[in-house]
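# Residue-level structural notes
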Amino acid sequence: MMMKSRFVFLLLLLSLVLSLPGAENGAGSADPAEALRKLAGQETKAAKPIRYIFYSGVRYVLLFDVADFYGLTSQYTKKGVVLYSSTRRVEMFYEKREGSINGTKTFFLAPVLYLDKRPYITESDFLRVIDPALRTRISRKQTIRTIMIDPGHGGSDPGAKGPVQSEKQINLLIAVKLKRALEKLGFRVIMTRTGDTFPALKDRTDMAKKYKPDLFISIHCNSAANTAVRGIETFLVTPAGACSTADKTPQSTRYTGNAYDQNNYRLAYDVHRSLLKFTGCEDRGVRHARFFVLRNSVCPSILIECGFLSNDSEGRLLASNERQNKIVAGILSGLARYAEAVKPLPNPAEEKKAGTGAAASGTQSSAGGKTQKR
Ligand SMILES: [Zn+2]
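In this report, we go over the structure that sits alongside the text. Source: prediction; values computed, not measured.

### Topic: the pairing of strand E1 (residues 52-55)
Regular strands show a simple pattern: their side chains alternate between the two faces of the sheet. Pairing geometry for E1 and strand E2 (residues 58-62), over four bridges, is antiparallel. Opposite Tyr-55, over in E2, you have Val-58 as the bridge partner. Linking E1 back to E2 in an antiparallel pair, the connection comprises two residues, with Ser-56 at a positive phi of about 50°.

### So, the coordination of the zinc ion
The coordination sphere of the zinc ion, as far as protein atoms go, consists of His-153 (NE2), Glu-167 (OE) and His-220 (ND1), spread over 2.0 to 2.2 Å. We note that the donor set of the zinc ion lies within a single chain, spaced as H-x13-E-x52-H. Here the residue His-153 occupies a position in the loop between strand E10 (146-151) and helix H5 (167-184), and His-220 occupies one in strand E12 (residues 215-222), the gap between them amounting to 67 residues. The two residues His-153 and His-220 agree in class, both being buried.

### Quick notes on H5
Here H5 is 18 residues long and its end C-alpha atoms lie 26 Å apart, about the 26 Å a rise of 1.5 Å per residue gives. Three or more residues of H5 are buried, namely Glu-167, Lys-168, Ile-170, Asn-171, Leu-172, Ile-174, Ala-175, Lys-177, Leu-178, Ala-181 and Leu-182. Looking at the buried residues of H5, the elements they touch are E10, strand E11 (188-191), E12, strand E15 (301-308), helix H9 (312-318) and helix H10 (321-342). Gly-186 sits one or two residues past H5 and shows a positive phi near 100°.

### Points about the nonpolar core
Counting residues in hydrophobic clusters, the biggest one holds 67 residues, and the most contacted among them are Ile-304 and Ile-331. Of the residues that make up this core, three or more belong to each of domain 1 (7-134) and domain 2 (146-342). Those residues within four positions of Ile-331 in sequence are excluded, and the remaining contacts are Leu-178, Ile-217, Ile-219, Val-271, Leu-275 and Ile-304. Among the nonpolar cores identified, the runner-up in size contains 11 residues, and Ala-208, Phe-216, Phe-235 and Leu-294 belong to it.

Here is what the cut-offs are and how they apply
- Residues numbered from 1 in each chain as written.
- Predicted model: local features only at pLDDT ≥ 70, side-chain atom pairs only at ≥ 80, totals over all residues.
- Heavy atoms only, no water.
- Pairing = 2+ DSSP bridges.
- Helix = DSSP H or I, 4+ residues; strand = E, 2+ residues; numbered from the N terminus.
- Donors = N, O, S within 2.8 Å, 3.2 Å for Na, K, Ca; no water.
- Buried < 20%, exposed > 50% of the residue type's maximum accessible area, 1.4 Å probe, protein only.
- Expected span 1.5 Å × (residues − 1).
- Contact = heavy atoms within 4.5 Å.
- Core = buried A, V, L, I, M, F, W, Y, C linked by side-chain atoms within 4.5 Å.
- Domains from an automatic or database assignment.

Here it is, written out as structure tokens:
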């Protein structure tokens, strides 16, 4: 551990306990979504105490308080931390970013920081990874009507090479199937390409600026030097100030795509989980990257790596109608889950009743319910 005395001093100096008057007796703002908004806005009020420190210029929150916030129990091992209830489980580690939420592999933005015998996680992991995954409804509402599908590569750029077909072909086949399925359901669908052409990355994001879709979904297939590697990866843009999954250095630039950090995570999480369920593929995790089409997005966006063409058997499956249909079914089911989580409710009273903090599966241990009891 990088325990240094000046950080201990900083900890003492900067450890602030936040509390909101009124939360104790159930009056005032008992809405955890609002508490999060306030916390995100660096205001000095929250619905319940969330203690934080600054470490290397990054804000970390005390894991005990995060667990408490969601009504979860916390448990510590030599390797990391588990937050859990009967229906929810967040697993994080001290030495690596790879962990899981409700059994789905996810790459957190930073490992757990163990300082002064207490575990901390970055505020960004709390607000932009854990929170959007655990919440039943997320605060930024959306009515989804128009979806832009972006089949990666094309034309002169074949993408990854496969045993049967190249990536550009498979991406387009999946995209066209997805388009048809979405249109059948009544969505308006716009494709960044409909044939074997190569729109530049900027052309693709310019199209999004022009047509203003509600969601942007980029379809790709993967490749690795190790031909044994297989499985599905789902990407969202890395929040400002954090490291991408494949990087070790943080980047502070805030891109247009970062306006949707919470929605991006929920979209990636819902679609990734459904894809795994429908295809039975190996879980390679929800990952962060500053890919051009994601960072310059004008709406919540994800990039799906549907499998590895460098793996012979997965490459062959990806070229089959059967696998492509399963991928489409997985994406549709994930979109349905996401749409439910962001659906605007008819009136504010109903919004309050539905609660904002319950688990994805809607259990009794909702943060909303818990806060109201106090
Ligand atoms: Zn690709």
